[in-house]
Amino acid sequence: MTTIRAIRGMSDILPDESERWQYLERTVAGVLASYGYGEIRLPIVEQTALFRRSIGEVTDIVEKEMYSFDDRNGESLTLRPEGTAGCVRAAIQNSLLGTVQRLWYSGPMFRYERPQKGRQRQFHQIGAEVFGVVTPEIDAELILMTARLWRALGVAEHVELQVNSIGNSASRQAFRAALVEYLSAHHAALDEDSQRRLLSNPLRILDSKHPGTQAVLTHAPLLADYLDDESKADFVRVRELLDAAAVPYVVNPSLVRGLDYYNKTVFEWVTDRLGAQGTVCAGGRYDSLVEQLGGKPTPGIGFAMGKERLVLLLEALEAAPAAVPAVDVYAVNSGGGAEIAAFTALETLRSALPGLRIVQHTGGGSFRSQLKKADKSGARWALIWGDDEVANATVTVKSLREQAEQVALPLAELAGFLQRGTAS
RNA sequence: GUGGCCGUAGCUCACCUGGUAGAGCACCGGAUUGUGACUCCGGAGGUAGCGGGUUCAAGACCCGUCGGCCACCCCA
């Protein structure tokens, strides 16, 4: 019989690792809450049209990376490849857009890509979106919030903030035309990928890694020269606010986004500790997306961070707190009546001390082998029930981590004893 | 979608230039009475990813396929 394996690029997160994930999630949720963001929980499946209309028809995501399928009605559905579209849809549908909204979400996203370090087909993001603020201080707020997050996670020294403005749609189109014209004149010097992108997504050529293409780009027209006045002024303001907050950044003129809905401020947090997939968080403004999706014109801005990548970074930097044992107390028994005594006493103990993590040994075996498991579990105490304990209505408490005589306690004193021990 | 490297016990790996598989860790049991850790003894566990080919003989060589990792691409 062939064994069934997980789908390629979709991995299990085992208890060992999930501890680090929880640390990340707790920390992020705390920082988001401190800025007044509320959590929104969104479906994982949406109508395919939502993503086609928001992300852009000619993007790689829509053209070749979406998990799309027809449901039983023949309606085309898609496993969300990103979070913003669904969030905007929800904001419109639930009439959230009359006032300023600060929202965040967390969960799995799906993209059919070739897996590699920091890239899965099912991956996980935490994202934040703000609706209803035109002015650039919200751009700065979001960036400051992420900067605070890196400090909270202890990775601030190893991530770099890159910012850019890609202007409004008119200025971007003008720039795109100029860029295409220039690059077409140097067509032969471009690498194959870039030649292809000349037709599909010319802005993407800017961050090509190909040396020949980079050489051509040194004399290419600059996006900054095509920016409209408002975008320019807003970008200046964003930088002022970042400077005032002493958040270091570099302006990366070739920073563009892969999704069509972005405009004006875009930013990315990058690390050099993760190999080729170094972007750990990225976002930007999307002032016409709400309207594009059928809502009344509402400015928007947001970012998403990749949880896998952040977990890898925490790992690489050993920034997450050390793993702690999952068990405080491991109870062993000699079977029969002792097992019954243990069951009832442990239920009582769990009621008395709800925070205490208690594992009851299962599967029988000698005291010797049971205590081996108690030790392996990392528990601080072993509780022992045998015939003597049952006869005397006591339990033997054995300390596994420090030198101390084991004691036989009347059952009534067990909770108090462990509570005092936990406090010390 | 393209490329490189790799697939031997649960894990990490060895078996050098082909002669029918091994270590460490983990696991299980034991070292006289109901007691973990350190130590010692013993045990279980692999049709060498799968399929084909070359050969007297293949885990080692060749081809295909599947899977993994990394990179391109793309992106968080």
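(A) Structural context of the packing of helix α12 (residues 337-352) against helix α15 (residues 411-423). Interaxial distance between α12 and α15 falls to 10 Å at its minimum, and their mutual angle equals 40 degrees. Relative to α15, the element α12 lies oblique. Crossing of α12 over α15 shows right-handed handedness. Contacts between α12 and α15 involve A345, L349 and A352 on the former and, on the latter, L411, L414, A415 and L418. Within the contact of α12 with α15, the residues separate by chemical class into seven nonpolar, no polar and no charged.

(B) Here's a closer look at helix α6 (residues 169-185). Taking 1.5 Å as the rise per residue, α6 with 17 residues should run 24 Å; its terminal C-alpha atoms sit 24 Å apart, in good agreement. Residues S171, R172, F175, A178, L179, Y182 and L183 constitute the buried set of α6. In an axial view of α6, the angular spread of the buried residues amounts to 130 degrees, which keeps them on one side of the axis. Looking at α6, the residues exposed on the side facing more than 90 degrees away from the buried face are A170, Q173, E181 and A185. Each element contacted by the buried residues of α6 is listed here: α7 (192-200), α8 (211-217) and β9 (263-270). Where α6 starts, the residue carrying a side-chain oxygen 3.1 Å from the main-chain nitrogen of A170 turns out to be N168.

(C) Local environment of the environment of R285. One can find R285 in strand β10 (residues 279-285). Along the backbone, R285 and G302 are 17 residues apart, and their C-alpha atoms lie at a distance of 6.5 Å. Here V133 takes part through its backbone oxygen, which lies 3.1 Å from a polar atom of the side chain of R285. Reaching out from R285, the side chain makes a polar contact with the side chain of D287 at a distance of 2.8 Å.

(D) Structural detail: the environment of T146. With respect to the element layout, T146 can be found in helix α5 (residues 137-153). C-alpha of T146 to C-alpha of A322: the two residues are 176 residues apart in sequence and 24 Å apart in space. Each residue touching T146, except ones within four places of it in the same chain, is listed here: W269, C281 and F303.

(E) Spotlight on the packing of aromatic side chains. Within this structure, the stated rule accounts for eight aromatic pairs. When the centroid spacing of 5.8 Å and the interplanar angle of 75 degrees are considered together, the rings of W150 and W269 count as edge-to-face. Of the two residues, W150 sits in helix α5 while W269 sits in strand β9, which places them 119 residues apart along the sequence. Residue W150 shares its accessibility class with W269, and that shared class is buried. Following the ring pairs from residue to residue traces out a cluster consisting of F131, Y261, Y262 and Y286. Across from the ring centre of Y112, 3.9 Å away, lies the NZ or CZ of R121, which sits over that ring. The cationic tip of R239 hangs over the ring face of F235; the distance from NZ or CZ to the ring centre is 4.8 Å.

Procedures and definitions
- Residues numbered from 1 in each chain as written.
- Chains lettered and ligands numbered in written order.
- Predicted model: local features only at pLDDT ≥ 70, side-chain atom pairs only at ≥ 80, totals over all residues.
- Heavy atoms only, no water.
- Axes fitted to C-alpha atoms, helices over the stretch in contact; angles between N-to-C directions.
- Helix = DSSP H or I, 4+ residues; strand = E, 2+ residues; numbered from the N terminus.
- Parallel < 35°, antiparallel > 145°, perpendicular 65-115°, else oblique.
- Left-handed = near helix turned anticlockwise from the far one by under 90°.
- Contact = heavy atoms within 4.5 Å.
- Nonpolar A, V, L, I, M, F, W, Y, C, P; charged D, E, K, R; others polar.
- Expected span 1.5 Å × (residues − 1).
- Buried < 20%, exposed > 50% of the residue type's maximum accessible area, 1.4 Å probe, protein only.
- Arc of directions from axis to C-beta.
- Polar contact = N/O pair within 3.5 Å; in protein donor to acceptor, adjacent residues only side chain to side chain.
- Phe/Tyr/Trp six-rings, centres within 6.5 Å; stacked < 30°, edge-to-face > 60°.
- Lys NZ or Arg CZ within 6 Å of the ring centre and 35° of its normal.

These results come straight from atomic positions and should not be treated as a statement about function.
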